[in-house]
Protein chains: 2
Amino acid sequence: MSKRISDDDEVGKEADIRSGPSSNRQVNPTLQQEQPYPHQHQVHKVGVPAKQNLFKEFRATVKETFFSDEPLRPFKDQTKRRKLVLGFEALFPILRWARDYNLTKFRGDLIAGLTIASLCIPQDLGYAKLANLPGQNGLYSSFVPPLVYAFMGSSRDIAIGPVAVVSLLIGTMVRDEVDPIKNAHDYLRLTLTATFFAGVTQLTLGFFRLGFLIDFLSHASIVGFMGGAAITIALQQFKGLLGIKTFTKKTDIVSVMRSVFNAAHHGWNWQTILIGVSFLAFLLLTKVKKKKKLFWVPAIAPLISVIVSTFFVYITRADKEGVAIVSKIRKGINPASADLIYFTGDNVIKGFRIGVVAGMIALTEAIAIGRTFAGMKDYQLDGNKEMVALGTMNIIGSLTSCYVATGSFSRSAVNYMAGCHTAVSNIIMSLVVLLTLELITPLFKYTPNAILASIIISAVVGLIDFEAMKLIWKIDKLDFVACMGAFFGVVFISVEIGLLIAVSISFAKILLQVTRPRTALLGKLPRTNVYRNILQYPNATQIPGILIIRVDSAIYFSNSNYIKERILRWVTDEEEQLKQKSLPKIEYLIVEMSPVTDIDTSGIHALEELYRSLQKREIELVLANPGTVVMDKIHASEFVELIGKGKIFLSVADAILTFAPHHEEP
Amino acid sequence: MSKRISDDDEVGKEADIRSGPSSNRQVNPTLQQEQPYPHQHQVHKVGVPAKQNLFKEFRATVKETFFSDEPLRPFKDQTKRRKLVLGFEALFPILRWARDYNLTKFRGDLIAGLTIASLCIPQDLGYAKLANLPGQNGLYSSFVPPLVYAFMGSSRDIAIGPVAVVSLLIGTMVRDEVDPIKNAHDYLRLTLTATFFAGVTQLTLGFFRLGFLIDFLSHASIVGFMGGAAITIALQQFKGLLGIKTFTKKTDIVSVMRSVFNAAHHGWNWQTILIGVSFLAFLLLTKVKKKKKLFWVPAIAPLISVIVSTFFVYITRADKEGVAIVSKIRKGINPASADLIYFTGDNVIKGFRIGVVAGMIALTEAIAIGRTFAGMKDYQLDGNKEMVALGTMNIIGSLTSCYVATGSFSRSAVNYMAGCHTAVSNIIMSLVVLLTLELITPLFKYTPNAILASIIISAVVGLIDFEAMKLIWKIDKLDFVACMGAFFGVVFISVEIGLLIAVSISFAKILLQVTRPRTALLGKLPRTNVYRNILQYPNATQIPGILIIRVDSAIYFSNSNYIKERILRWVTDEEEQLKQKSLPKIEYLIVEMSPVTDIDTSGIHALEELYRSLQKREIELVLANPGTVVMDKIHASEFVELIGKGKIFLSVADAILTFAPHHEEP
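Reference entry: report on the structure contained in this document. Bear in mind the structure is a predicted one, so any value in this text is a computation, not a measurement.

## Some remarks on the pairing of strand E5 (residues 546-551) of chain A
All names here are of chain A.
Phase 1: Taken across its six residues, E5 has six buried, putting it largely inside the fold.
Phase 2: Residues Ile546, Ile548 and Arg550 of E5 are buried on one face, and the alternating residues Leu547, Ile549 and Val551, pointing to the opposite face, are buried as well.
Phase 3: Two elements, E5 and strand E6 (residues 588-592), share five bridges in a ladder whose sense is parallel. Note that in E6 the partner of Leu547 across the bridge is Leu589.
Phase 4: The β-α-β motif built from E5, the intervening helix H23 (residues 560-580) and the parallel element E6 has right-handed crossover chirality.

## A closer look at the sheet that holds strand E4 (residues 531-533) of chain B
All names here are of chain B.
Phase 1: In spatial order, the strands read E4-E3-E5-E6-E7-E8; together these six strands make up an open sheet with mixed pairing. With one partner strand each, in any of the chains shown, E4 and strand E8 (648-649) form the two edges of the open sheet.
Phase 2: Here strand E7 (residues 620-624) runs beside E8; their pairing, made up of two bridges, is parallel. Note on E8: the bridge partner recorded for Leu623 is Ile648.

## Some points on the nonpolar core
Phase 1: Counting residues in each nonpolar core, the largest one holds 59 residues, and the members touching the most others are Ile170 and Phe225 of chain B.
Phase 2: In contact with Phe225 of chain B, other than residues within four places in its own chain, are Val165, Ile361, Ala486, Phe487, Val490, Val495, Gly498 and Leu499 of chain B.
Phase 3: Ranked by size, the runner-up nonpolar core spans 58 residues in total, among them Met226, Ala229, Val348 and Ile354 of chain A.

## Structural notes on the pairing of strand E3 (residues 519-524) of chain B
Residues and elements named next belong to chain B.
Phase 1: Where burial is concerned, most of E3 is hidden: six out of the six residues are buried.
Phase 2: Across the two faces of E3 the burial is the same, with Thr519, Leu521 and Gly523 and Ala520, Leu522 and Lys524 all buried.
Phase 3: Pairing between E3 and strand E5 (residues 546-551): three bridges, direction antiparallel. Within the sheet, the bridge partner assigned to Ala520 lies in E5 and is Arg550.
Phase 4: Bridging between E3 and E4 involves three bridges; their strand directions are antiparallel. Pairing of Lys524 across the sheet is with Tyr531, part of E4.
Phase 5: The loop that links E3 with its antiparallel partner E4 comprises six residues; one of these, Arg527, has a positive phi angle of about 60°.

## Some words on a nonpolar patch on the surface
Residue and element names in this part refer to chain A.
Phase 1: Together, Val254, Phe488, Phe492, Ile493, Ile497 and Leu500 make up an exposed nonpolar region whose accessible area comes to about 530 Å².
Phase 2: Secondary-structure elements contributing two or more residues to the nonpolar patch are helix H21 (477-493) and helix H22 (495-515).
Phase 3: Ranked by the residues each element gives to the nonpolar patch, the list is headed by H21, at three residues.
Phase 4: One can find Ile497 in helix H22.

## Considering the environment of Ser454 of chain A
Phase 1: Its place among the elements puts Ser454 of chain A in helix H19 (residues 449-460).
Phase 2: Taking the C-alpha atoms as reference points, Ser454 of chain A and Leu283 of chain A, 171 residues apart in sequence, are found 7.8 Å from one another.

## A word on empty space enclosed by the protein
Phase 1: A complete count under the given rule lists 11 cavities of 30 Å³ or more for this structure.
Phase 2: Lining the largest cavity are 18 residues; nearest its centre among them are Arg371 and Asn384 of chain A together with Arg516, Asn561 and Glu565 of chain B.
Phase 3: Secondary-structure elements contributing two or more residues to the lining of the largest cavity are helix H2 (54-66) and helix H16 (383-399) of chain A together with helix H24 (560-580) of chain B.

## Re the side chain of Ser553 of chain A
Phase 1: Among the structural elements, Ser553 of chain A can be located in the loop between E5 and H23.
Phase 2: Once you skip the residues sitting within four places of it in the chain, Ser553 of chain A turns out to touch Pro517, Asn559, Pro595 and Val596 of chain A.

## A look at the sheet that holds E5 of chain A
Residue and element names in this part refer to chain A.
Phase 1: Read from one edge to the other, the open sheet built from six strands follows the order E4-E3-E5-E6-E7-E8, with strand pairing classed as mixed. Both edges of this open sheet fall to strand E4 (531-533) and strand E8 (648-649), since each of them pairs with a single strand only.
Phase 2: Lying on the sheet, H23 is in contact with strand E3 (519-524), E5 and E6; it crosses E5 at an angle near 150°.

## Remarks on the pattern of salt bridges
Phase 1: The full count for this structure, using the stated rule, is 32 salt bridges over all chains.
Phase 2: For Lys474 of chain A, the salt bridge identified is with Glu638 of chain B, shortest N-O distance 3.2 Å. Note that Lys474 of chain A is positioned in helix H20 (residues 466-475) and Glu638 of chain B in the loop between helix H26 (628-636) and helix H27 (639-643), a pairing that runs across two chains.
Phase 3: By relative accessible area, which is 32% here, Lys474 of chain A ends up partly exposed.
Phase 4: Looking at Glu638 of chain B, the relative accessible area reads 41%, which means it is partly exposed.

## Let's talk about the packing of helix H5 (residues 103-130) of chain B against helix H20 (residues 449-460) of chain B
A packed helix pair is summarised by two numbers, namely the angle formed by the two axes and the spacing between the axes.
Residues and elements named next belong to chain B.
Phase 1: Running from amino to carboxyl end, H5 crosses H20 at an angle of 95°, the nearest separation of the two axes being 9 Å. Judged by the inter-axis angle, H5 sits roughly perpendicular to H20. Contacts between H5 and H20 involve Pro122, Gln123, Leu125, Gly126, Tyr127 and Lys129 from the former and Asn449, Leu452, Ile455, Ile456 and Ala459 from the latter.
Phase 2: For the contact of H5 with H20, a count of residues per class yields seven nonpolar, three polar and one charged.

## Regarding the packing of aromatic side chains
Phase 1: Overall, the coordinates contain 24 aromatic pairs over all chains when judged by the stated rule.
Phase 2: Judged by centre distance (5.1 Å) and plane angle (40°), the rings of Phe373 of chain A and Tyr416 of chain A are tilted. Linking Phe373 of chain A in helix H15 (residues 347-377) with Tyr416 of chain A in helix H17 (residues 409-417), this pair joins segments that are 43 residues apart in sequence.
Phase 3: Residue classification places Phe373 of chain A among the buried residues on the basis of a relative accessible area of 8%.
Phase 4: Among the residues examined, Tyr416 of chain A registers a relative accessible area of 27% and is labelled partly exposed.
Phase 5: Each member of the aromatic cluster is reached from another via a ring pair, and the members are Phe196, Phe197, Phe343 and Phe352 of chain A.
Phase 6: Above the ring of Tyr446 of chain B, the side-chain terminus of Lys445 of chain B is found at 4.4 Å from the ring centroid.
Phase 7: Across from the ring centre of Trp570 of chain B, 4.4 Å away, lies the NZ or CZ of Arg566 of chain B, which sits over that ring.

Conventions and cut-offs
Residues numbered from 1 in each chain as written. Chains lettered and ligands numbered in written order. Predicted model: local features only at pLDDT ≥ 70, side-chain atom pairs only at ≥ 80, totals over all residues. Heavy atoms only, no water. Buried < 20%, exposed > 50% of the residue type's maximum accessible area, 1.4 Å probe, protein only. Helix = DSSP H or I, 4+ residues; strand = E, 2+ residues; numbered from the N terminus. Pairing = 2+ DSSP bridges. Right-handed = clockwise from strand over helix to strand, strands pointing away. Core = buried A, V, L, I, M, F, W, Y, C linked by side-chain atoms within 4.5 Å. Contact = heavy atoms within 4.5 Å. Patch = residues over 30% accessible without salt bridge, like charges linked within 9 Å, V, L, I, M, F, W, Y side chains within 5 Å. Areas by Shrake-Rupley, 256 points an atom, 1.4 Å probe, with all protein chains shown as cover. Salt bridge = Lys/Arg side-chain N within 4 Å of Asp/Glu carboxyl O. 1 Å grid on protein atoms, 1.4 Å probe; cavity = no way out; pocket = protein on both sides within 12 Å on 5 of 7 lines; lining within 4 Å. Points joined across faces, edges and corners; volume = space filled by probe spheres on them. Axes fitted to C-alpha atoms, helices over the stretch in contact; angles between N-to-C directions. Parallel < 35°, antiparallel > 145°, perpendicular 65-115°, else oblique. Nonpolar A, V, L, I, M, F, W, Y, C, P; charged D, E, K, R; others polar. Phe/Tyr/Trp six-rings, centres within 6.5 Å; stacked < 30°, edge-to-face > 60°. Lys NZ or Arg CZ within 6 Å of the ring centre and 35° of its normal.

In structure tokens:
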């Protein structure tokens, strides 16, 4: 094995001479011909990289933080005119993909567009109800926003419009401020204000490239939140489904159930129940998995049931029997609503608060959908650009009587399965909605609310992702706690609280992760020079007189003190054991630094304190394989001089070779 | 080299068979005798550790988070009675160290105690002034709290009493609520309320073992904050030093300087200036570095100057010439003050707010001091137990007319240099203060405020740590930004704002760290099987058709998406380069997982998406050396089945051996 080691030395030496961040990388296909090897038996240290200059360092950080996706890459060395064109294309991706748009693509988009249209119209009516808004506002939100997105958005598969969760959020949060029945007008105004600020929030996040902020809502907590929201929404539908007149304003399961059973003996309307339940059964039936090419069955089922039930009610005049109906939907396209938005008074603050929350949730949903499908078709999606698109879309929406719109899970899936190619499918959809608004809205007069209720229920059941929950349980218990926390928070308390729980657990996890990194005791794998965690490789053995500890994280102020004390605890434990077994005491502590990718001043201090404490115990501190940045800083802080130049090695094997040569492979 | 590799294989095999978290660790002194080696030429995979059970996992997390210092360790297998005793000893460490207390120790403590007493008495008067409180409250705070701490605290070197920064905080924050001159009584009451809640905060943090929270205030920002506070405090002293009557209430440098110069032509009092400046010069002179055994010179200088100047003023009656004097200090020990604390009304909220801030700052300072000296003498310091002690101390203090007390940098240093052994030095000090209160307070009548001002100035200059700032600049530029942010925030705006800046920059840094981990492109060090960052080792060469990327962080929801996209960007860049050089395209992407110490559900998803995107590009995903936890979860999530069992290796070298054997060392 001496050969291998002397090679290592060579490396060390070469590194010593040649290292420093330069990137003259050559791919060398004739590596194995580099013969013969030198055979001397000495160990060299890790190379010291050349000093990074402040500006470069700073710029690198900023770049990785805000421009990690290199949005300006295409602009590199281009003419001014070209840059302008590219800029426009970046803002309006349609300019790019429209060029090579063709008939085959259009066929796909047309089918997809019609399908999602048939799905969205009934859903819009239901979701609008969920948000305590008149039906037409739901339809409005499926007309203007999709058009705007088609021009600015970069996802090809997302289907834009009102969605269940956001509608619920608006419905509950705005109702806490204004009564939707008593003063419907103010309610609408506040909703539009919230929508406006939701758009502003999204636009701002995107513009300042703060997109990564939504990554702080962990997948687990989103799954939990969505599931909880779905249940809450379904519960809300009992009102329509059972034809209950007086229903609680609260959304938690307890008070909903109470008001359901309180209404039992007088409030339920059997005709309503009959219609609602039968159609719900029909809708759920169509959802049962079938061949992929039958995707359109569940997609158009809602529209069919609306038509059938409406016709049925019309001829039987069941509404006279107490079957609640939509009764009135305003005809015509979106009226301008700029004058309705509050820009003064404390309604602005309320609107802002609600808008920020709704905007963030809408964003999370849209980005999640966008990424999923972008992954499936392997095209890049710039999160920040998406946010700008969604933001603009909602701002314009708020000026045209729409409430917060975003990407819908269910409809996007249908859109994808129906074989859409571009955002044109959204344009088709919004055109269909346009026609609906212009021509056939009056026909919805006799649509029973029960149908809308059953449509919503059949739509939201898909949001409860048991598979994901099971997987989370299997993979990460802490994640599962976050997931369930959000879930039960929403179901038993309220949507906002559930959201709060989700966010705070996510953050708690981050703090935990940065305060309490792992450390591992390393052992030597028999007959090798590989050192691994002795818990993972029980056959790894320790070398007498030497303790090898790996620190599994960058050392920052948030964990430096913990790491120091944890290492000292390893040492203490070990020393106790050795005393019991009356084995030779520890002489060297080798800290394997490979995973320590960065260190700050607090970290350096911690190392210094560690060094001093070890001195008191007559143990020598040795570092193995510190990375570029760490070497940088260890040198800058003169820590090297403190522990002695001879104490930093390219690898644990090298260190062992120096301090316990007879334990190295011959 | 084939030998080495076949060894690796052996490992692989053994790991495969034997691995799984068990801890039968044997230290094997006869390692080198394990001969001979098998010579076959195959590669085996990483072993799968046995499943961790939920409870164990959860308990481990909780333990590392809240009980990482194993406070209950001594209680392990002890009798009930012994446990009780140990419990008392844990609460009152004095019970432990008092046993082996002896005369030599006492000698040290006596000298140290007297020294810090002589230093603290004048400082107390000054700091009380800084907090807009009558002088006696300063002395009170050096009498009761040190006694309490002596019984409960576990640091042997810390000197307890009022400190500059906290006094400034109280002074400014309470003054924003109540006018200290117009209604001095309410001012005192609010201060005591704040002190009470400061104590409660500290006690709570300690009791619930949330001590690690103060680690979130980074060293850098503390240095900056302290420096800024020192300057602000010094500026405040112009009032006393120049004998200015009308002085601004603001603390920022601009408004202070303005009111200094506005007062220039009439407000300055030359006698005051004469006394103040001359003694300041004297005090600063004594601070010039001397032999270590002359530590007492700067320590007693303040007391001397107080005595001399007081006597001087007394005989010359300079106070008639407009030299402001202390004039009145109440005689006798601390009066009870429980009835003065607000427990109702909105003063409670105010007091609470101020208390929390002051309490945290006091805590940070005390713990920092405690750790420093504990490190120097190598004894463990339980942060949480310290907090309980400090909390109790301040609560009792608030009931006996003391304001927030904590460990003082300057006095603790003197205490240490004077050769203290235990907290007895604190007891000595408080006894001296007791005598002072009982007998000689009236003598302070003629002490000129100018002296107190110059004493404070000479005390706080030590808080401006230029060395540390320079070091921070050298080591970590981002830390330096945090440091300067806090510094200028305090100097130019206000103490609270400076603090806010410090905290937020610290947090921003954490978020940055968890969202944007580093990744590195690895190359093969010539004539070895070691793979290292090609930026650190420019002589490392890549293997044609294979891309090796190391991910330098655990993969969590906060960074999973970034890591995925970053890796894909590496691939894209590489493919472009290869195309230009018309070299063979990438067939395998090896992800070196050594630093990836943990992964959550979002992380697994990211890996799956990465795998899919790579499939589209006809690149095979390979993992090298995933740790215990990661192996666990990769198996739990069936990700192994997805990428194929044959795609996880013990080391990069093994992977290369499999996919590009001719590039391995022969």
